[in-house]
Amino acid sequence: MHEQMKQIISQAMNTRFEFERQLIERALEDENFKQELLSNPKAVYAKESGEKLPTDLEIEVIQETPNKVYLVLPNNPASTATEGELSEEALEAVAGGVCLFGSCIKKCFFGSILRGANDLV
């Protein structure tokens, strides 16, 4: 995958993780917010991001316990591309401005980072 494309994807993921870190911090400080996030994560995510999320996007919040830790492996956009090339789906997604959610590519508020990235490939 093109080095600049990797950097753009990395920036989008960092933006997503920073946003999620802020949600987590707020949930730790505000029990009502935490309960809302646990009961209706998609609505909270949309409200806090200020964006309308795709109807087919699912968001699940899982709270760790003292005896259980979760490791989330994000989707790897490089796995769909051959060396030096992006798949048609990846090119279309990048051209439209998107971020990575779960196992598929979805439009979201992180897309502004990727807009124009198709000029790099």
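The paragraphs below set out a description of the structure included in this document. Just so it is clear, the model here is predicted, and its values are computed rather than measured.

### Structural notes on helix α1 (residues 3-29)
Compared with the 39 Å implied by 1.5 Å per residue over 27 residues, the 39 Å span of α1 between its first and last C-alpha is a close match. All of the buried residues along α1 are M5, I8, I9, A12, M13, R16, F19, E20, L23 and A27.

### As for the packing of helix α2 (residues 31-39) against helix α3 (residues 41-49)
For the pair α2 and α3, the least separation of the axes is 5 Å and the interaxial angle reads 115°. Between α2 and α3, the residues in contact are F33, E36, L37, L38 and S39 and P41, V44 and E48, respectively. Tallied by class, residues from the contact of α2 with α3 come to five nonpolar, one polar and two charged.

### Some thoughts on the packing of aromatic side chains
What the rule picks out here adds up to one aromatic pair. Look at F19 and Y45: their rings are 5.0 Å apart centre to centre, the planes differ by 70°, and that puts the pair in the edge-to-face class. Residue F19 is located in helix α1, and its partner Y45 is located in helix α3; the two are separated by 26 residues in the primary sequence. Accessibility expressed as a relative area gives 4% for Y45, which makes it buried.

About the thresholds
- Residues numbered from 1 in each chain as written.
- Predicted model: local features only at pLDDT ≥ 70, side-chain atom pairs only at ≥ 80, totals over all residues.
- Heavy atoms only, no water.
- Helix = DSSP H or I, 4+ residues; strand = E, 2+ residues; numbered from the N terminus.
- Expected span 1.5 Å × (residues − 1).
- Buried < 20%, exposed > 50% of the residue type's maximum accessible area, 1.4 Å probe, protein only.
- Axes fitted to C-alpha atoms, helices over the stretch in contact; angles between N-to-C directions.
- Contact = heavy atoms within 4.5 Å.
- Nonpolar A, V, L, I, M, F, W, Y, C, P; charged D, E, K, R; others polar.
- Phe/Tyr/Trp six-rings, centres within 6.5 Å; stacked < 30°, edge-to-face > 60°.

Geometry only, nothing functional implied.
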